[in-house]
Amino acid sequence: MAATGLISALLLFLLICSSSISSSEKTRRPQPCKRLVLYFHDIVYNGKNAQNATSAIVASPAWGNKTTLATPIFFGDVVVFDDPITLDNNLRSTPVGRARGFYLYDRKDFFSAWFGFSFAFNSTRLNGTINFAGADDIMKTTRDLSVVGGTGDFFMTRGIATLMTDAFEDDRYFRLRVDVKAIRMLLAKDFVHG
Amino acid sequence: MAATGLISALLLFLLICSSSISSSEKTRRPQPCKRLVLYFHDIVYNGKNAQNATSAIVASPAWGNKTTLATPIFFGDVVVFDDPITLDNNLRSTPVGRARGFYLYDRKDFFSAWFGFSFAFNSTRLNGTINFAGADDIMKTTRDLSVVGGTGDFFMTRGIATLMTDAFEDDRYFRLRVDVKAIRMLLAKDFVHG
Amino acid sequence: MAATGLISALLLFLLICSSSISSSEKTRRPQPCKRLVLYFHDIVYNGKNAQNATSAIVASPAWGNKTTLATPIFFGDVVVFDDPITLDNNLRSTPVGRARGFYLYDRKDFFSAWFGFSFAFNSTRLNGTINFAGADDIMKTTRDLSVVGGTGDFFMTRGIATLMTDAFEDDRYFRLRVDVKAIRMLLAKDFVHG
């Protein structure tokens, strides 16, 4: 499968990244990790797409409801999501994990959101999560969220995730390209032997 | 405008702060930033103030609703906000950005909240976001939240935000004074050349 | 009371931990903290248990409601909690603080959650908060969340919290064992004298 090749490429990247982290033992300075570019796909439940939907409105302001985003610009809607993460921009590609958490529309005058979520990888060879939080100015070409932590292969990771809206179909579907620039602040051994 | 002078003062502070960060290249130790004191203003939607409201109840417990905070002490209410940030304690001052995100009332016995939000600066000369998370013991004079990350001018920032309730009018309006004590853990160049 | 002895033990641990932090002044490298093992207890409001409940469903998808978790696996339900933290696994033990914040069920196919919350300690001798965020794969024996920050005695703390489900009674009660492995990235004096 094509996905296997892509997963190998991703793992190779991660091995390189891990090597550079291991070599940091001598200096104990944080070491850079190269970019990790992934996509995730969000299909909001609209009352008719229970099978395909990957997310659902779970809260809304007094003037909203749970099957259509609030007019005029969705302010106050809270969406819980369980979105597939893919290595390319194809919704049908084999997922390498799930983007899980919530976003809420947080501006009265502009399309804008606030995210709290995790990338949870489910490959047998790639484990762990990356945790994100921050504001997403949807109308800007790129915008940065914080990597607030990580677990497993991403233990003690910090950095920036640059989001781009790669596709947007009304309020039915969006696809975000996420460019993670992460750095490991500490090694696990710092916890054990420190 | 008075706001211009204040913005200049803020920018001067930030330049000083940036300088101390630049000088840290030699030692590569995190450098302190002085205090950044700002205010934000929250007016909850109550069914009648759609124009003035800066926030809205979007979720509530079974015994609550979306136009009045739940009795007796708001437990379970979730509020999404898009609040103006000002340099002084005047709601009418020119905003330097927006405080965006959510808070929820999280205690059954005391007035208390939990915040996840960003300061998003919208000045042409001041860009970026500061991301916050943590518990807000409303009844205490001061309480600390975590700065969990930042972007743009606040790249890789960490620290503490000390909140004070600067004004409180029933459940219609509150103003928080936020004293950010932030520190940059890494420089952008650490990511590029590391 | 037994709780007093246990609290003493906990404080002793924290003193040891603080000592190792103090000695780090010379090298200014982050120092490890030993483990901090605690339990918290969650009883969801079901329409009949207002006195005992420590949490409440505050948001749910279109097919859910606020007194029963959504079928089939709770996807989309958001719960705000104010749970007692105890030093052992006994719900009736004297709490040493509150676990406060929210979780939401974030998977369509598996029992799984996403947490944003704080441990807020309320002992006169133990102050401060630890702030957590991350994904909780409920069905796994252990799973890691990020410590995204801390305040007070946990100033600038980072690390990992390993969760275990210590007890689970249908959808009425659960008890989580939390094994915090935290490290202080900086000392307060770094902010003052840096």
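Anything mentioned here points back to the structure above.
Since the structure is predicted, the reported quantities are computational estimates derived from the model, not experimental observations. (Residues numbered from 1 in each chain as written. Chains lettered and ligands numbered in written order. Predicted model: local features only at pLDDT ≥ 70, side-chain atom pairs only at ≥ 80, totals over all residues. Heavy atoms only, no water.)

Draft legend 1. Just the pattern of salt bridges, in detail. All chains considered together, the criterion is met by 24 salt bridges over all chains. Taking the shortest distance from any N to any O, the salt bridge between R100 of chain B and D106 of chain A comes out at 2.8 Å. With R100 of chain B in strand 4 (residues 97-105) and D106 of chain A in the loop between strand 4 (97-105) and strand 5 (113-122), this residue pair bridges two chains. Owing to a relative accessible area of 1%, R100 of chain B belongs among the buried residues under this scheme. The partner of D136 of chain C in a salt bridge is R143 of chain C, with the nearest N and O atoms 2.4 Å apart. Relative accessible area serves as the criterion here: at 5%, R143 of chain C is assigned to the buried category. Within this structure, R100 of chain A together with D106, D137 and K140 of chain C form a network of salt bridges that share partners. (Salt bridge = Lys/Arg side-chain N within 4 Å of Asp/Glu carboxyl O. Helix = DSSP H or I, 4+ residues; strand = E, 2+ residues; numbered from the N terminus. Buried < 20%, exposed > 50% of the residue type's maximum accessible area, 1.4 Å probe, protein only.)

Draft legend 2. How the structure looks around unusual backbone geometry. Here the residue pair T71 of chain B and P72 of chain B is connected by a cis peptide bond, since its omega of -5 degrees sits within 30 degrees of zero. Even without a glycine there, the phi angle at F74 of chain C is positive, about 75 degrees. As for its position among the elements, F74 of chain C is in the loop between strand 2 (55-59) and strand 3 (78-86). On the basis of relative accessibility, which here comes to 10%, the residue F74 of chain C falls in the buried class.

Draft legend 3. Main features of the relation of the copies chain B and chain C. Rotating chain B by 120 degrees and moving it 0.0 Å along the rotation axis overlays it on chain C with an RMSD of 0.0 Å. Read as a symmetry element, the transformation amounts to a three-fold axis. In terms of proximity to the rotation axis, the leading residue of chain B is A59 of chain B, whose C-alpha is 3.1 Å off the axis. Looking at chain B, a mere 14% of its interface residues are interface residues in chain C too, so the copies touch through different faces. (Least-squares fit on C-alpha atoms with pLDDT ≥ 70 in both. Contact = heavy atoms within 4.5 Å.)

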